[in-house]
Amino acid sequence: MDPDSAKRVPVLIERLLKQELPAEVIPRYQPYFLRLLASRINPTVVEDESQILNSILRRISPQNTAKLQDLYIRLTRSRGLSRRWAILYVLSKLFDDNSVAIPGSSLELLAPRPPEAPKIKEKIPIISKKGPDAQMPVLEKEILRDILFAIQGIEGKYITFSMLEDSYVIQPNIGVPDPIRKMVGELAELGWLYKKVVKYIDTNIEQPSLTSQSLCYALQSDLAEYYRLIALLEQQRDELKDLNLRKIMLWCTEPLERMKWLAIISDAAEGLKGGALVSSLYSYTLIGNPSVKAIIIRILDEVSMPIVQMIQQWMLEGEINDPYHEFFVSTNLATPDDRLWTQKYSLNTEMVPSFFTPQLANKILLTGKSINFLRRCCKEENWIAASPLELPKIHDLVGLSKWVDSAARVANAELVKVLFEKYRFKEHCNSIRKYLLLGQGDFHHILMELVNDTLKEKAEKIYKHNLFSILESAIKSSNAQFHDLEFLNRLDVKFLEVSPGDIGWDVFTLDYKVDPPLNTIFTPQAMEKYLRIFKFLWRLKRVQFSLNSYQAGREIIMLQKMKEIAPIIHSCLLRKTEILHFVNNLMNYLMVEVVEGSWAEFMKSLDSVQDLDQIIEVHNAFLDKLIMKSFLGSETDAILKQLLRLLEPALRFRQSQNTLFLSAKEEYDRLSKMLSEDEGEDAISRISLESIEDIKQISEIFSDGVNKFREQLAETDRNHLKFLAFRLDFNEFYSYSQMKRADENAKMMNIPFFRVEDDIEDADQEEFKF
Amino acid sequence: MSEYNEAKETLEILHEISQILNTGLDKSTLSILVSLCENGVNPEALAAVVKELKREAAALKAGSGKS
C-alpha cells in the first residue's frame, strides 16, 4: 500500500467512527485496518464491471433498476475514474448492509464466505476453508483455464498430474471447496483418457501394421472432433465470457463417454494387429448401448478396411498384398507350382477374425487358391473374376458371407469347368480305370499273353524298352487302339524296386502319367494307390489266365480214352475247375462290385462338385473305397495275406498239370504206336506220379485255404465281404465238403467229432509250413 | 468542463448509486473510498474494512447507550 492511501485511512476511520468515539481512541484501530487493507486477498476480485453491475441489479428493487442503469451509463461517460469497477464493487458489497445482523466479534473478519457467496459463486473469490496451510485462494477463471488444459492432458498452474492418484487433480495446497475439487476431478478424467489414447496413437502410428495404422487414423479423426469441442469451449471463455465449470461439465459428458470407449479400444488393441485386432474390436460391437455400438462399429469398419480390401483382392485377383503379415491367408513363396493347391497357401488361424466361421475363412482361402490355380497351373491368365455385389463392411457379416459366396461360386465354377473341359479330368479318370483297374479287358488279355514269356525271366534281365514295345503291340491289337492318343501316350511300363531273386512278374506294373494341373488331384500318393490296386488285380488276372491257358480240348478227350488214366485226368480237371471257380468269382467280385460299383458312385458325385477341394475329396474317397474293398486296406491285412497264400499254389497248379498232361500224352503216343494187347496195365506207373501227388497236395492246400479265407470273410463285420463269402459258396459246395471231410475223418479215426477239428487245424498248420 | 467539475459530477453519480444501494455513506466518506480505490486498494479489503468499521461504530453506539 502506498503512503498516500495510508494517510487517508485514519481519516476514513475517523469519519465513520467519530460520532461514537473520542478522537484519541481512533489511532488504536489504525494498524489493524491497515493490515487488513494490505492483506493478501489482493488479486481475487474479477475486474469486470458488467459482472458487478449485474450482481447489483439482481438485488435491488425493480423500480430502481432503470435509475441505476441510467446512473451507470452516466458514470461510464465521465472520465474521472480509472478503476471504476473497484468503487462499484465496494458499493455493491456495502449494499444491504443495514439489513444484515451484526455479528459480535471483529475476529470474524476473515470468515471465509460472505452469505451471498453461493449465488454469485462464479465471480467471487473462492476461499479455502481448509485451515491455515491451505491459504491460497484461486479464482474460478484460473481453474477454468487449467481444466481446459487438463482435458488436453497438459498440466496447468493449479491442476497437475498426480502420480499418486493417477489423475489430474487440483494441487492439495490450493484452496478450493470440495465440490469443485470433485467436479474438476471428474472432468480431469477426460484428460487422463485423452493422454492414453494419444499415447496409443503415438506408439502405433509407425507400427508395421496396416490395421493398427488405420486404427490410429480412426482415433485421430475422433480426437479432431474433440479438439473442436475444446476450441469451442475456449472461445466461450474468451469471447463470450460465458463459461463456468458446470457448463464444461455438461458439454463434456458425451465426449467423456466417447473418450472412455476410445481408451478402452486402444487398450484392447495394444500389441495386436491384423485379424487379431479386428477380432478384439469386434467383441465390443456386441454391446447393447446403440451410441457406443455406433462408435465402435465405425472404428471397426475403418480398422478392418485393409483386411476387407485384402479379402477382395485375394478373392477376385488371387493376390495378397500383405506387407506386414496381417491377412489370415499366408503364402509360402518357396512352394513350387505343382504343390500350389495343397501347400502354398494356408490359413493363419491367429489372424482369422474370431467372428468368421471356419467355413467362411476356408471359403475365402479356397477361392483365392482356385484363382491362383487357374492362373498359374491351368494357364488361364486371361480369366478375370468379378463379383456383381459391392463389398460390404466387415460388421455386416451376413452381407460379407453373401459376397464371399458369390465370389467363391464364380471362381470355383470356372476352375471346375476348366478342369473338366480343358483338362478332361473325367476322361483321364476313365482311362486310368481302363488301364490300371483292368477296365479294358481285351487289352489286358492280350498284354498278358504277350508279356507272359518275358516276365518269367529274372527281373534284372528284362529291359524296359522291350516291355514298352510289347505294350505298344498290345494296344495295337486291342480295342485300346481307338482310344485318344492324348491318353494312350500317358500309358507306360514301370518296374518296382528289384530285390534279388525277383522275376519279372514281381516288379512289373503299368503306369499312367499325369501332367499338371491334374497331378494336384492325381497326387503321387494317389497314383501309388492305383498301382497297388493294379498289381493286385494283375496278379489275380495272371492266375486266372494261367488256369485258363490250357485249352486243348481235343487232347484231353484223347487222353481220357486211356481207361486207367482217365479218372486221374478227370479229377485233375475237377480240381482245376474248383480253383478256377474261386478265382473267377473273386475276380468278378473285384471287377463288378468293387471297381465298377465305386466308379459309378464316383462319376455320380463328380457331377455335383463345386470346387477343386471337393474333386480331390471325392476322388480320394473313390480310391479309399477301392483299397478298402479289395482287401488292400490295413484292416483286412490278414485276409489279404490268406488270399495271396491261396494264389501261390493256384499258380503252381498249372505247372503240375502241364507235366501230368505231357506225361499222359507221351504214354498215349506210346500206346497208340505199340497197339499191344496188354494195354494200360502199367499205364499209371508210366505217367508222372510226382505231378499227381503235387496236384493232390495243391488242391488240398487250396481248398483248406479257401475254407480259411471264407471263415475270415464271414468273421468280418463288413457287409460286402460277407456277401463275397456267400457268393463263393452259393451252392454250399464248400461247407458241404468241409462237413463231409470232417465226417470221414471222424469215422476213420473213430474218435469223437470235436477232436477232429483240432486235427484239421494241426494239418492246416503243417500245410502252411509246406 | 474542468477536471474538478468532472470529479465532482462523478462523485455525485456515485453518491446517488450509493443512496439507491442504501449504503449509508455520506459524500465525504464516499470520496475517501473513491480515492482509496483509485490508488489501487483492493476493493474486497476495503469493503471489509468499511463494514467492520460500521459494525464497530454500531457496537460502540450500543455500548455507550447502555452505559
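- The name given to chain B in an unreviewed UniProt entry is Mitotic-spindle organizing protein 1, with the source organism recorded as Blepharisma stoltei.
- UniProt, in the comment section headed Sequence similarities (unreviewed entry), describes chain B in these words: "Belongs to the MOZART1 family."

- Chain A is annotated in an unreviewed UniProt entry as Gamma-tubulin complex component from Blepharisma stoltei.
- For chain A, the Subcellular location (unreviewed entry) comment in UniProt is given as "Cytoplasm, Cytoskeleton".

1. Some details on the overall build of chain A
Inference 1: What chain A contains, in helices and strands, is 29 helices and eight strands.
Inference 2: For chain A, buried positions account for 48% of its 770 residues.
Inference 3: Sequence-distant contacts, at least 24 apart, represent 70% of the contacts inside chain A between residues at least 6 apart.
Inference 4: For chain A, the accessible area works out to roughly 39,700 Å², and carbon and sulfur atoms hold 53% of it.

2. Thoughts on the overall build of chain B
Inference 1: Each helix and strand counted, chain B has three helices and zero strands in total.
Inference 2: The order of helices and strands in chain B, counted from the N terminus, is α-α-α.
Inference 3: For chain B, buried positions account for 51% of its 67 residues.
Inference 4: Taken as a whole, chain B presents about 2,900 Å² of accessible surface, with 52% of it coming from carbon and sulfur.

3. Details of the side chain of S212 of chain A
Residue and element names in this part refer to chain A.
Inference 1: Position of S212 among the secondary structure elements: in helix α8 (residues 210-240).
Inference 2: What makes S212 buried here is its relative accessible area of 2%.
Inference 3: One polar contact links S212 to S209, side chain to side chain, over a distance of 2.9 Å.
Inference 4: With sequence-adjacent residues up to four places away left out, S212 is seen in contact with Y200, N204, Q207, L272, L277 and E326.

4. Focus: the layout of surface pockets
Residue and element names in this part refer to chain A.
Inference 1: Here the second largest pocket is characterised by a volume of approximately 660 Å³.
Inference 2: Surrounding the second largest pocket, 22 residues form its lining, E578, S703, F733, S737 and R741 being those nearest its centre.
Inference 3: For the lining of the second largest pocket, the secondary structure elements donating two or more residues are α22 (566-606), α26 (689-715) and α28 (733-749).
Inference 4: The leading source of residues in the lining of the second largest pocket is α28, at ten residues.

5. Some thoughts on the environment of I701 of chain A
Inference 1: Note that I701 of chain A resides in helix α26.
Inference 2: A sequence separation of 52 residues divides I701 of chain A from P649 of chain A, and the C-alpha atoms of the two residues are 7.5 Å apart.

6. Observations concerning the confidence of the model for chain A
Residues and elements named next belong to chain A.
Inference 1: This prediction gives chain A a mean pLDDT of 78; 84% of its residues lie at or above 70.
Inference 2: Per-element mean pLDDT across chain A ranges from 41 in helix α29 (residues 753-769) up to 90 in helix α23 (residues 612-629).
Inference 3: Within the model, the stretch residues 97-136 combines pLDDT values under 50 with 57 contacts to residues more than four positions away or in other chains.

7. Let's talk about the pattern of salt bridges
All names here are of chain A.
Inference 1: Going through the model one piece at a time under the given rule, you end up with 20 salt bridges over all chains.
Inference 2: Across the salt bridge formed by K196 and D267, the nearest N and O atoms sit 3.4 Å from each other. Here K196 is found in helix α7 (residues 178-204), whereas its partner D267 is found in helix α9 (residues 245-269), with 71 residues between them in sequence.
Inference 3: With a relative accessible area of 45%, D267 lands in the partly exposed category.
Inference 4: When the shortest N-O distance is used, the salt bridge between R298 and D222 registers 2.6 Å. Within this pair, whereas R298 is found in helix α11 (residues 290-317), its partner D222 is found in helix α8, the two being separated by 76 residues in sequence.
Inference 5: For R298, a relative accessible area of 35% puts it in the partly exposed group.

8. A closer look at helix α10 (residues 274-282) of chain A
Inference 1: Counted residue by residue, α10 of chain A has nine buried out of nine residues, so it is predominantly covered.
Inference 2: On its buried side, α10 of chain A packs onto α8, α9, α11 and α14 (397-422) of chain A.

9. Some words on the packing of aromatic side chains
Residue and element names in this part refer to chain A.
Inference 1: Taken as a whole, this structure holds 24 aromatic pairs over all chains when the rule is applied.
Inference 2: For the pair Y589 and F631, a centre-to-centre distance of 6.2 Å together with 35° between the ring planes defines the contact as tilted. Of this pair, Y589 sits in helix α22 while F631 sits in the loop between α23 and α24 (637-674), and the two are 42 residues apart along the sequence.
Inference 3: Classification of Y589 as buried rests on a relative accessible area of 1%.
Inference 4: Clustering of aromatic rings is evident, with ring pairs tying together F536, F582, Y589, F631, F702 and F709.
Inference 5: Lying over the aromatic face of F161, K195 brings its terminal NZ or CZ to 4.2 Å of the ring centre.

10. Section: the pairing of strand β2 (residues 159-162) of chain A
Inference 1: Sheet topology places β2 of chain A next to strand β3 (residues 167-170) of chain A; four bridges connect them, and they run antiparallel. When the sheet's bridge partners are listed, I159 of chain A is paired in β3 of chain A with I170 of chain A.

11. Topic: the nonpolar core
Inference 1: Counting residues in each nonpolar core, the largest one holds 200 residues, and the members touching the most others are F582 and F631 of chain A.
Inference 2: The leading source of residues in this core is α22 of chain A, at 19 residues.
Inference 3: For F582 of chain A, the contacting residues outside a window of four places in its chain are L643, L646, F702, V706, F709, L728 and Y734 of chain A.
Inference 4: Counting 46 residues, the second largest nonpolar core, distinct from the first, contains L71 of chain A together with L36, C37 and V41 of chain B.

12. Quick notes on the packing of α11 of chain A against helix α13 (residues 358-377) of chain A
All names here are of chain A.
Inference 1: Interaxial distance between α11 and α13 falls to 7 Å at its minimum, and their mutual angle equals 40°. Judged by the angle between their axes, α11 and α13 are oblique. For the pair formed by α11 and α13, the contact residues are I311, W314, M315, L316 and E317 on the first element and I364, L365, T367, G368, K369, I371, N372 and R375 on the second.
Inference 2: In terms of residue class, the contact of α11 with α13 is built from seven nonpolar, three polar and three charged.

13. Looking at the side chain of S18 of chain B
Inference 1: Looking at the secondary structure, you find S18 of chain B in helix α1 (residues 3-20).
Inference 2: Note on S18 of chain B: relative accessible area 1%, which makes it buried.
Inference 3: Once you skip the residues sitting within four places of it in the chain, S18 of chain B turns out to touch L91 of chain A together with T23 and L25 of chain B.

Thresholds applied
- Within any chain, residue numbers begin from 1 and follow the written order of that chain's sequence.
- The lettering of chains begins at A and the numbering of ligands begins at 1, in the order of writing.
- Reporting in this predicted model follows two pLDDT cut-offs: at least 70 for local features of residues, and 80 or more for side-chain atom pairs to be given and counted; totals over whole chains, interfaces and linings ignore these cut-offs and use all residues.
- Hydrogens and waters are ignored; side-chain quantities use all the structure's heavy atoms.
- UniProt positions are given in the numbering used here, feature names are shortened, and annotations may be inferred rather than shown by experiment.
- Secondary structure elements follow DSSP: runs of H or I no shorter than four residues count as helices, runs of E no shorter than two count as strands, and numbering proceeds from the N terminus.
- Exposed residues in this analysis have more than 50% of their type's maximum accessible area, buried residues have under 20%, and partly exposed residues fall in between, with area computed by a 1.4 Å probe over protein chains only.
- Contacts are residue-level and defined by heavy atoms, with any inter-residue pair within 4.5 Å sufficient.
- Each accessible area is a Shrake-Rupley result for a 1.4 Å probe, and residues are judged covered by the shown protein chains and nothing else.
- The term polar contact refers here to a pair of N or O atoms within 3.5 Å; inside protein, the definition further demands a hydrogen-donor-capable atom paired with an acceptor-capable atom, and it admits residues adjacent in sequence only when both atoms are side-chain atoms.
- Definitions used for this entry: grid spacing 1 Å over protein atoms alone; cavity, a set of points where a 1.4 Å probe fits but cannot get out; pocket, an open set with protein on both sides within 12 Å along at least 5 of 7 lines; lining residue, one with an atom within 4 Å of a point.
- Grid points are joined across faces, edges and corners, and a volume is the space filled by probe spheres set on the points.
- For every residue, the predictor assigns a confidence score, pLDDT, that lies between 0 and 100.
- Salt bridges are identified by distance alone: a Lys or Arg side-chain nitrogen within 4 Å of an Asp or Glu carboxyl oxygen.
- For Phe, Tyr and Trp, where Trp contributes only its six-membered ring, two rings pair if their centres lie within 6.5 Å, and the inter-plane angle classes them as stacked under 30 degrees, edge-to-face over 60, or tilted in between.
- We call a charge positioned above a ring when the Lys NZ or Arg CZ atom is no farther than 6 Å from the ring centre and deviates by at most 35 degrees from the ring normal.
- Paired strands, in this sense, are two strands between which DSSP finds at least two bridges.
- Nine residue types can take part in a nonpolar core, namely buried Ala, Val, Leu, Ile, Met, Phe, Trp, Tyr and Cys, and a core is a set of them joined through side-chain atoms within 4.5 Å.
- To get an axis, a line is fitted to the C-alpha atoms, and for a helix only the part in contact is used. The angle between two axes follows their N-to-C directions and goes from 0 to 180 degrees.
- In these notes the angle categories are as follows: under 35 degrees is roughly parallel, over 145 is roughly antiparallel, 65 to 115 is roughly perpendicular, and the rest is oblique.
- Each residue receives one of three labels: charged for Asp, Glu, Lys and Arg, nonpolar for Ala, Val, Leu, Ile, Met, Phe, Trp, Tyr, Cys and Pro, and polar for the others, Gly being one of them.

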